Amino acid sequence: MRDFASCFSDYAVQVVSETTSCYSYSNTSCFPQNSSTPSTQNSVTCLYKVILSNKKQYLITVSWSKTNVSQSLCIQFGDDPSNSFKLSANSRIFKKKKGSKAIELFDHTKVEVFWDLCEARYNMSGGPEPTDGYYVLVTFDSEIGLILGDIDEEKKFKNCNSMAKFTLVSRQEHFSGNTLYSTKAQFCDNGSKHDILISCGGENEGQNHHHHHHHNHNHPVLSVCIDKKMVIRVKRLQWNFRGNQSIFLDGLLVDLMWDVHDWFFNPTSGSAVFMFRTRSGLESRLWLEDKYKDKLMHKNQDKVEFSLMIYANKST
């Protein structure tokens, strides 16, 4: 997997004036453009920042992925793939659905991963990441560092005396199939979960202009809806294949960036990228520097920005 910094630097930003401002569309309801089923989610990768009580900091990457024949969970500590834990199966279910494993990190910290996926439930579209009925718990020298899923399991971890502070820094979702992407995201710790629908279709779809039918795909339109309200509609996408727009959500300024260049010019291998990123009040522009990780690890930074990246392959 490419590291986050290189992803940010690759997609230089170009402002598109053609974009309709979000306000004029805020009351437009959002219909799925081609009434087709949403694209399939193949993998989800979450980056967490953990600060232990002794002020040590770690980045943990948690990846869930799924193909027709296998499913896997991988947890990596820091940048070195050798500091990782992997659980995979060649069927739709994990072979060992419950257990624990100890790993010693580069700095001699003892890490333990506890998991229980026996009762795990998944969303309707069958994404790789469980929605509930499971837990994954990571301890660092017997301090709880990361809890995913439902834990009324604390009684099982009595030996853990303290709880670290952890935050979700970024989330990457990979899709393949048609051009309708449906997901949920929470942009700040106390914010609500938002429904996000990204769709791309011909300009006349959803209307009964049969005589325009052959024009449909000459003028693809990108729409992004959050909680069924349209926040962006980009016409003539083949010319406006990169751009960005700011929207307000939960009192935060969120930059939304799209780059669908490869859909038009490199369709066999290339994927489109959509990125939502919260902006801290101090920054006046969209920030895509290489200093991504350095900035995250900065000691005094209490507020971590969050980004959601969606990689979309058109091929089925």
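See the structure shown above.
What you see is a predicted model; the values in this text were computed from it and never measured.

## Side note on the pattern of salt bridges
(1) Moving on: Enumeration over the complete set of coordinates arrives at 10 salt bridges.
(2) Moving on: With a shortest N-O distance of 2.7 Å, E173 and R171 are connected by a salt bridge.
(3) Moving on: Measuring nitrogen to oxygen at the nearest pair gives 2.5 Å for the salt bridge that ties K184 to D195. Within this pair, whereas K184 is found in strand β10 (residues 180-185), its partner D195 is found in strand β11 (residues 194-202), the two being separated by 11 residues in sequence.
(4) Moving on: On the basis of relative accessible area, D195 is assigned to the partly exposed category, the value being 35%.
(5) Moving on: Here the residues in one salt-bridge network are E129, R171 and E173, joined through shared partners.

## Topic: the sheet that holds β11
(1) Moving on: The strand order β10-β11-β12-β13 describes an open sheet built from 4 strands, whose pairing is antiparallel. Of all strands in the sheet, those bounded by a partner on one side alone are β10 and β13 (229-234). Taken over all neighbouring pairs, the strand axes of this sheet differ in orientation by 15 degrees on average, direction set aside.
(2) Moving on: Pairing geometry for β11 and strand β12 (residues 220-226), over 7 bridges, is antiparallel.

## Regarding the pairing of strand β1 (residues 40-51)
(1) Moving on: Counted residue by residue, β1 has 9 buried out of 12 residues, so it is predominantly covered.
(2) Moving on: Bridge count for β1 against strand β9 (residues 165-176) is 11 bridges, and the pairing is antiparallel. Residue pairing across strands places Y48 opposite L168, the latter belonging to β9.
(3) Moving on: Pairing geometry for β1 and strand β2 (residues 57-66), over 9 bridges, is antiparallel. Paired with Y48 across the bridge in β2 is I60.
(4) Moving on: With antiparallel pairing between neighbouring strands as the criterion, β1 and β2 make up a hairpin whose turn holds 5 residues, including K55 at a positive phi of roughly 75 degrees.

Thresholds, definitions, all that
Residues numbered from 1 in each chain as written. Predicted model: local features only at pLDDT ≥ 70, side-chain atom pairs only at ≥ 80, totals over all residues. Heavy atoms only, no water. Salt bridge = Lys/Arg side-chain N within 4 Å of Asp/Glu carboxyl O. Helix = DSSP H or I, 4+ residues; strand = E, 2+ residues; numbered from the N terminus. Buried < 20%, exposed > 50% of the residue type's maximum accessible area, 1.4 Å probe, protein only. Pairing = 2+ DSSP bridges. Axes fitted to C-alpha atoms, helices over the stretch in contact; angles between N-to-C directions.

Distances and angles like these do not, on their own, reveal function.
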